[in-house]
Structure formats: C-alpha cells, structure tokens
Amino acid sequence: MNLSKTIEEIRTEFPILSIKVYGKPLIYLDNGATTQKPEQVIRVMEELYRTSNANVHRGVHRLSDMVSDRYEAARETVRAFINAPKREEIIFTAGTTASINAVAFSFGERFVGEGDEIVISGMEHHANIVPWQMLCERKKAKLKVIPFTDEGVLDLEAYRGMLTERTRIVAVTHVSNVLGTVNPVKEIVAEAHSHGIPVLVDGAQGIQHGIVDVSEIGCDFYVFSGHKVYGPNGIGVLYGKENLLNEIPPYQGGGDMVANVTFEKTTYNELPFKFEAGTTNFTGAIGMAAALDYLSSLGREAVAEREQTLLARATSGMSAIEGLRIYGTAPHKVSVISFLPGAIHPYDAGMILDKMGIAVRTGTHCAQPVMERYGITGTIRASIAFYNTEEEIDAVLRGIGRVTEMFA
Ligand code: PLP
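Quick caveat: nothing in here was measured; it's all calculated off a predicted structure.

Is there a simple way to think about the pairing of strand 4 (residues 90-93) in this case?
In regular strands, side chains alternate between the two faces of the sheet. Burial along strand 4 is two-sided: the residues Ile90 and Phe92 and Ile91 and Thr93 are all buried. Here strand 4 runs beside strand 10 (residues 236-240); their pairing, made up of four bridges, is antiparallel. The residue of strand 10 that forms the bridge with Ile91 is Leu238.

Written out as structure tokens, the structure is:
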C-alpha cells in the first residue's frame, strides 16, 4: 500500500519540518506528545479567521451561518473518520483530557456510588487515571488496575477476574503512549459487555497510528485530541453511544447546551449540544477535520504501514546498541519506542540529542505508574510519524551511539 504522495512532497507540506535547530536540520521524533501540522490545516484556519469568522450557532447572519455549517460538516468528518453510527454521538471538547474528565464526572454522577468499582489498566496516561481517582474519592468507589507483562502486554486473565457486579465502567488506553502497545480493545469491550459494563477507550495515541472504527471496537466512549492527529490543539472529541449520552447529565452549564432557561427550571438541548456549553473551539474543530481529511487523502493504511517500516528500522538499530534496553516489546505495537541507553540519565541523553537537532521526549511521559512497574524514573521516547524518514532514523541511531560513547 503506497502513500498518495512521495515523502518529499509530504515533507514540503509540513513547513516546520524544514527548520533548523542549533543550525542542524530538525529531526522531530516527539509525535507522541504532539504532531506537526500540514499547510492544509494551517491554511484552513487562517482562511477562516480572514474570511468567515463569527460565533457558531449564534446568529442568523451569513457569517455565523457559514461557520455553523462548516462546524457541523467537521462533526460529520469526525463521525465518518471513526465510523461512528451517528453525528449526534460526536461531541467536541478541548481534548482527550477534557473528554475523559467529562465522562468521569457525568457518568460518575449518574452511575457510580459507594463501594462500586472502576477498572483501568496499569499502562494508562495520567489523564486516564486521575479523573477516575477523583471520581472514586467523591463517591467512595474503588479503582482496580489491570497489570501488564514485562513486554508490555495487558494480562487479560487478570482483567477477566476483576470484573464483578460492582464494576461500573472499564477505561483503557487503545495504545500506550510509553510502550507503544496496541491493546486488544475489541476483546476488552466484549468481555466487559458480557457483564453489562460499558467501556471508555482512550484513543489519544490510537487515532494517530491506525484506522479506528468505533463500531467495530464496540466501545461506549472513544476519546482523542486534535493535536495528536496533525490538527490544532485545544480541540478534541468525545464519541459516546447515543443511549448513554442521553442518560448521563451534562457536566458544564451555559449557552447553547440548553433548550429553555427560567429561574425555576432549565431544560437541556439535544445531543450533541447538551455537552457543548459555551462558545466551542469551532476554528479548532474545522482545522481538525482538515487534518483528518489530509490523513484520509494520504491513505490511512499506507500511513500505518510506513510507520511500521520506520519502527522496524529503529527497533533493529537500537537492538544492536550495546546496553540499550527498549521498554515495550509487545508483538502488536505502534511506532513509539521508549528506551534507556545503559545507565545514562534520560535527561542527559535528551539534552545531547537536542543539540544535534533531534527532538525526543524524556521523563515519565505522564505515566508514572509505568515507570514504577519497571523500577525506573524515566525513559527516552522516540515517537515516529509517517513524515519521518529513514535518514532521520539512522541519524538518531548515530546520535544515540555518540551519547553512549560520551558516557562510556
Ligand atoms: N492519553 C494518552 C494515551 C496520551 O498519550 C495523552 C497525551 O499524551 C493523553 C491521554 C492526554 O492528551 P491531551 O493532553 O491531548 O488531553
């Protein structure tokens, strides 16, 4: 499967990829943290501010109408991109974190009480831990954690044993932002559903690396951020099944989420607006839709295949470096490699690589429990996107080689 454009063509569409850092060509391998934006996204947002800016869903005037239409078209783009059954099931939020907090609050208000249980996994980002802990604290509920193996594979046997009649929701990540593991979310959902338990899937990383089909996964909620999928930041998605979204209360009150307001009683708007209080980030939503369209036009399978090729090159190169350990060796993983070159502190290595123009992430990656699981304080993470090149991977491997020599 080929991309619809050459890598050279693609790279010219991402203006930032041609900048220099410390006089060296930028090698951007921090795509797990945020992705770079193509001209197609930048242009759409600029054009919107230049020619069509007005508040969404607010006015009868032409500009407001135009923006509202484009905002709703963006919702349809998202729906089609993740194969959600209905447009009303797509809620625009500020991002993954905002979406998880919204579900933890609203679902928690409606369905979680004292002594109930919430199941998450041991490889979650803090965004899929802390909102559930806060809910447990509020409701005196209990958090249960699915363990994972040294390779970074969830222990499904343990998971099955964890589900009880007190389990109210399961919340797991589609893809680990540290280990790169692609979790068997379809299986996880099927198991939970056989007990009548809904499942939230954190798709912050999943959306970037593969084809996400929420109808096939069967999950009740799927959440992601625009900035991790080549779109703008400050915008994200909460997909939820219509029946559940109808059952849970709104988590924010304000303009647009209401049907009728009096001082005695307020009634809420229908989906999706019930969950979109106030002026939403409509520019972001339209920009994110442009990013999704861009990915679709490249060929989503081809994007995933290219990333796998680059991952294989990086993995085999790193495996040949003496003393280097890769954290996360699951058979099914995406192009995210966490590693430690011997006893060298990740910050030291990261700073030296930075001086070579190489942007990697160092630290705990907002996943301290994963670090604890391995008894380490942090890793270096190279997260690869389709626009990275073989030459960049080789340059990073040489860079790591230099770092290890310097500390030898
Ligand atoms: N979940 C995972 C798996 C992530 O990787 C991240 C960000 O790195 C988040 C949640 C939080 O995303 P955001 O900061 O865009 O809300």
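Even after reading the chapter, I still don't get empty space enclosed by the protein, so can you show me in this structure?
Gaps between atoms show up when a probe of the same size as a water molecule is rolled over them. A complete count under the given rule lists two cavities of 30 Å³ or more for this structure. Volume-wise, the largest cavity comes out at about 60 Å³. Looking at the largest cavity, the residues that line it are Phe81, Ile207, Gln208, His209, Gly210, Ile211, Leu295, Arg300 and Val303. Put simply, the parts of the chain that give the lining of the largest cavity at least two residues each are helix 8 (206-209) and helix 12 (300-319). The element that contributes the greatest number of residues to the lining of the largest cavity is helix 8, accounting for three residues.

Just checking my understanding: could you explain the domain arrangement of the protein chain for this structure?
For the protein chain, the assigned domains read domain 1 (7-30 + 299-406) and domain 2 (43-296). Spacing between the C-alpha centres of domain 1 and domain 2 amounts to 28 Å. Contact residues are listed per partner, giving 35 residues for domain 1 and 29 residues for domain 2. Here domain 1 and domain 2 share an interface that buries about 2,700 Å² over both sides, 57% of which is from carbon and sulfur atoms. On the domain 1 side of the interface with domain 2, the three residues burying the most area are Arg300, Val334 and Arg373, jointly 26% of the side's total. Taken together, the links from domain 1 to domain 2 amount to one salt bridge. Applying the counting rule to domain 1 against domain 2 returns 19 residue pairs in polar contact (both at pLDDT 80 or more).

Help me out: how do you make sense of the layout of surface pockets in this one?
Space inside the largest pocket adds up to approximately 360 Å³. In this structure, the largest pocket is lined by 21 residues; those nearest its centre are His174, Val182, Gly210, Ile211 and His332. Secondary-structure elements contributing two or more residues to the lining of the largest pocket are helix 7 (185-194), helix 8, helix 9 (214-217) and helix 12. Among the elements that make up the lining of the largest pocket, the one with the highest residue count is helix 12 (three residues). Class assignment of the residues belonging to the lining of the largest pocket gives a composition of seven nonpolar, nine polar and five charged. In terms of domain composition, the lining of the largest pocket takes at least three residues from each of domain 1 (7-30 + 299-406) and domain 2 (43-296). Counted as a void, the second largest pocket has a volume near 190 Å³. Along the wall of the second largest pocket there are 14 residues; nearest its centre are Phe92, Thr93, Ala94, Tyr251 and Gln252. By residue class, the composition of the lining of the second largest pocket is seven nonpolar, six polar and one charged.

I tried to follow the environment of Asn177 on my own but got confused; where do I start?
The topology assignment puts Asn177 in the loop between strand 7 (167-173) and helix 7. Residue Asn177 is classed as buried on the basis of its relative accessible area, which comes to 5%. Residue contacts for Asn177: discarding those within four places in its chain leaves His125, Gln205, Val336, His365, Ala367 and Arg381. In terms of polar contacts, Asn177 uses its side chain to reach the backbone carbonyl oxygen of His365, at 2.9 Å.

So what exactly am I meant to see when it comes to the site of the ligand here?
Taken together, the neighbourhood of the ligand is formed by Thr96, Thr97, His125, Ala127, Thr173, Asn177, Asp202, Ala204, Gln205, Ser225, His227 and Lys228. Here an oxygen atom of the ligand sits 2.6 Å away from a polar atom, N or O, in the side chain of Thr97. At 2.6 Å, a side-chain N or O of Ser225 approaches an oxygen atom of the ligand. Contact with the protein chains covers 87% of the free accessible surface of the ligand, which is 390 Å². Among the residues forming the shell around the ligand, the class breakdown is two nonpolar, eight polar and two charged.

Explain the nonpolar core to me, please; I cannot follow it from the model alone.
Generally speaking, nonpolar side chains in soluble globular proteins are found buried as a group. Counting 75 residues, the largest nonpolar core has Ile82, Val170 and Phe386 as its most contacted members. Considering every element that reaches this core, the biggest residue donor is helix 11 (residues 282-298), with 11 residues. When residues of this core are sorted by domain, at least three fall in each of domain 1 (7-30 + 299-406) and domain 2 (43-296). Among all residues touching Phe386, those that are not within four sequence positions of it are Ile7, Ile10, Phe14, Tyr230, Tyr294, Leu295, Leu298, Val303, Arg306, Glu307 and Leu310. Ranked by size, the runner-up nonpolar core spans 27 residues in total, among them Leu311, Leu353, Val360 and Ile393.

What counts and what doesn't
- Residues numbered from 1 in each chain as written.
- Predicted model: local features only at pLDDT ≥ 70, side-chain atom pairs only at ≥ 80, totals over all residues.
- Heavy atoms only, no water.
- Buried < 20%, exposed > 50% of the residue type's maximum accessible area, 1.4 Å probe, protein only.
- Helix = DSSP H or I, 4+ residues; strand = E, 2+ residues; numbered from the N terminus.
- Pairing = 2+ DSSP bridges.
- 1 Å grid on protein atoms, 1.4 Å probe; cavity = no way out; pocket = protein on both sides within 12 Å on 5 of 7 lines; lining within 4 Å.
- Points joined across faces, edges and corners; volume = space filled by probe spheres on them.
- Domains from an automatic or database assignment.
- Contact = heavy atoms within 4.5 Å.
- Buried area = accessible area lost by both parts, 1.4 Å probe.
- Salt bridge = Lys/Arg side-chain N within 4 Å of Asp/Glu carboxyl O.
- Polar contact = N/O pair within 3.5 Å; in protein donor to acceptor, adjacent residues only side chain to side chain.
- Nonpolar A, V, L, I, M, F, W, Y, C, P; charged D, E, K, R; others polar.
- Near = heavy atom within 4 Å.
- Areas by Shrake-Rupley, 256 points an atom, 1.4 Å probe, with all protein chains shown as cover.
- Core = buried A, V, L, I, M, F, W, Y, C linked by side-chain atoms within 4.5 Å.

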